[in-house]
Structure formats: C-alpha cells, structure tokens
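Here is how the chains run, residue by residue.
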Amino acid sequence: DKGGWSSFMAKEVSEEPEAVANTLRGRIRDGAVAIPELEGLDDLFRDISRVIVVACGTAAYAGMVAKYAVEQWARVPVDVELAHEFRYRDPVIGPDTLVVSISQSGETMDTLMAVKYARERGAKTLSICNTQGATIPRESDAIVYTHAGPEVAVASTKAFVAQITALYLLALHIGQVRGAIAPDEVAAQIEEFEAVPGKIRRILETEQERIEQFAYWMADTRSVLFLGRHVGYPIALEGALKLKELAYIHAEGFAAGELKHGPIALIEPGQPVFVLVPSPRHSALLHAKVVSNIEEIRARGARVIAVAEEGDAAVLPKADEVLRIPLAGPLFEPLLSVVPLHIFAMGLSTAKGLDVDQPRNLAKSVTVE
Ligand code: M6R
C-alpha cells in the first residue's frame, strides 16, 4: 500500500527519518549503546583483529561509510568488499576476522555465498539485515536487524540510512567492549544520532520540492557526475548508482581527489556535477580541498550542484546551485547528504516518465549469482 504516495519509493524516502529512529530504538541505555541481540558476545568482539564487510550495491556503500566509524570508534581495521568479488580470491581470514554482511533483503545470493565462504574459512559472521528470518541472518553467528520496515521499491533508500545506523551502533558497541572509546565520546555520538531523524525531516520539508523542480528542468541530462571526499565519497557512489538505475543515464561517482588523476578530462561546458561538501567546522582543510575541486571543474565549464551544510557561505558564490543540509557531526553528514540525492534520482526518473519503483532489468532481490 502506497499510503497516498505516488510511488513506493516516494513513501520510502519519506520514511527515512523513522528508519533511523526505529533502528536506534531499544539499543541505547543510560547514555551508552546496548544492543540486546549482541549480549553474551563480548569475547567475540574482543578477540577479533579485523573486520571485513561484504555486500552489494547500495548496501556496500553503507559499508564504505561505516568503515570510517568502525575504525575511529572501535579502532579495528576494516576492509569493504563487494560480496561477489570476495570469494574468488584467496582472502586471508580466520577466527580473528569478523565478516559483517549487509543486506536489506537478506536473500542476495552473492552476499549469502560470501558469508558461507567466510564461515567455512573459520571467520565469525555478523549480519545486518532488514528482513526478519531471512537466509543470510540464519547463516550468521550474530544479527543486528535494521528496522526500516518493508522496502518495496527496487531502489534502496530507507534501508540505506538504517544500515548506516545499525553499523554505527555496532561500531560504538565494539568500541565500548574493547575500551577503545571513552564513555563521554559515546554519549556525544548518541546525542548526534538522536538528532538525525529530525534533521532528515527538515530536508524533506524544506528542500524536496525544490530538488524535484530542479530534476524536472534537468530531464534531458545525459550524464551526471558526483564528487565526494571522506564519507562523502561513498555517498557520491550512491548518488550515481541511483541515477543509473532509476533514470537510465550515465552517472559516475568519484573521490574528489581523483579528479586530476583522470576524471577531470570528462568535464566539458554544461556537465552537471554534484559535489558533497564536508563541513568547514570539522576540517577546514578537507573543506578547502573540496572548494578548490569546485573551482577546478567550474573553470572548465561544469555546472556545479553543491550539497553543503546550512551557513557554509564559502560555497554559495562558487556553485550554480546549493542544496542545504542541517549541521551534523562529521560522521553523521552522510545520513543527511544522501537524502537530496535520493530525491533527485526519484525526481529525474519521474520527470522522464519512467517507472520509479520498477526500473527495467532489475529485481528487488537478486537471488542468482
Ligand atoms: O537486498 P540487498 O541489500 O542485499 O541488495 C543489495 C543490492 O542489490 C541493492 O542495494 C541494489 O544495489 C539497489 N537496487 C540499489 O538501489
């Protein structure tokens, strides 16, 4: 039931705030993270020396975002691997490896096979999944469910923000168990977390119509590029994937630092480029680097659409369009900056008269390898 919305995707984007809130619920106690499903597993988290995330598509991008949090808060090294690549090499894994799978459906065959392979090699497995009782969680040693509610549209949206939420909770949990993060630091992150649903709601309220209008004007666009740094990089990849699958146009995401190593040659007059701008409050250096990337591409005629925090005045004169997100802690920006990109992809698909919920050639759950 679309509940009055024009598409399941529109409904599910509108549910992104609840997806975060519901995934947090019941997992925070007295200013600390307490995940009931992980009770009794402290030894497992103490004994690991590395984490490998396996997933596909949008779920893999959630893993790429979470890498920053697990490394920062839990001080455990993380590799993120596309599940279908993982088992075709000879990965160095064993009992000290925690393989974290991420899957909305819990039925993605590529991810399932990676989990089985990891288990056979003696690794510990933990599943982040949105579907109760699905195959992947059943094959795993531990489960942290995302509570995004059923996702029907082929494009994954609310599950993505729920996955990042669950992974961040897991990062804080592991950090607590290992004593890698101070209690007041955990409390500060929880405070950030609790503000996220309201901030996403604000983006939906203040920016959605404008972004949809903007997508409508861009209906003839044949290629869009996305640039990001740090946690903005996986969001650039996610923005591009959504445009490919929903609007059937060429779209590519890059780490902004790669520009001069090749991709800048793609920039010609009129080329639309979305740029995820990190807050200057967190790192003046990172911010300045991204602003200088904007200058480089703009000098070559790019049409720059910046996604930047409210009050970032430095971006305004440099970009053709600025989509605003509320202020958030450095690791929490992706949960906000992805929202305008989801809206844009949905808007462009609608403007082109395409089926937003059922893009051609794709299935919601990919149960073949
Ligand atoms: O069910 P899963 O999370 O395992 O699915 C993984 C990918 O197939 C999925 O995220 C896909 O990339 C989406 N259609 C992207 O919007």
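Residues numbered from 1 in each chain as written. Predicted model: local features only at pLDDT ≥ 70, side-chain atom pairs only at ≥ 80, totals over all residues. Heavy atoms only, no water.

- In the annotation of an unreviewed UniProt entry, the protein is listed under the name Glutamine--fructose-6-phosphate aminotransferase [isomerizing] and assigned to Microbacterium aquimaris.
- According to its UniProt record, the protein has this under Function (unreviewed entry): "Catalyzes the first step in hexosamine metabolism, converting fructose-6P into glucosamine-6P using glutamine as a nitrogen source." (UniProt positions renumbered as here; feature names shortened; annotations may be inferred.)

## As for the packing of helix 9 (residues 183–217) against helix 12 (residues 333–351)
- For the pair helix 9 and helix 12, interaxial distance at closest approach is 8 Å and the crossing angle is 30°. In terms of their interaxial angle, helix 9 and helix 12 are classed as roughly parallel. Helix-helix and strand crossings are classified by hand; for helix 9 and helix 12 the assignment is right-handed. Across from Phe193, Val196, Lys199, Ile200, Ile203, Leu204, Gln208, Ile211, Glu212, Phe214, Ala215 and Tyr216 in helix 9, the residues of helix 12 making contact are Leu335, Leu336, Val339, Pro340, Ile343, Phe344, Met346, Gly347, Leu348 and Ala351.
- Looking at the contact of helix 9 with helix 12, its residues break down into 18 nonpolar, 2 polar and 2 charged. (Axes fitted to C-alpha atoms, helices over the stretch in contact; angles between N-to-C directions. Helix = DSSP H or I, 4+ residues; strand = E, 2+ residues; numbered from the N terminus. Parallel < 35°, antiparallel > 145°, perpendicular 65-115°, else oblique. Left-handed = near helix turned anticlockwise from the far one by under 90°. Contact = heavy atoms within 4.5 Å. Nonpolar A, V, L, I, M, F, W, Y, C, P; charged D, E, K, R; others polar.)

## Observations regarding the pairing of strand 11 (residues 303–309)
- Among the 7 residues that make up strand 11, 6 are buried, leaving the element largely enclosed by the rest of the structure.
- Considered for its hand, the β-α-β crossover made up of strand 10 (residues 272–276), helix 11 (residues 284–298) and strand 11 is right-handed.
- Strand direction decides the pairing type here: strand 11 and strand 12 (residues 321–325), joined by 5 bridges, are parallel. Looking at strand 12, one finds that Val307 is bridged to Leu323. (Buried < 20%, exposed > 50% of the residue type's maximum accessible area, 1.4 Å probe, protein only. Right-handed = clockwise from strand over helix to strand, strands pointing away. Pairing = 2+ DSSP bridges.)

## Observations concerning helix 2 (residues 16–24)
- By the burial criterion, the buried members of helix 2 are Glu16, Pro17, Ala19, Val20, Thr23 and Leu24. Taken around the axis of helix 2, the buried residues stretch over an arc of 165°, which confines them to a single face. (Arc of directions from axis to C-beta.)

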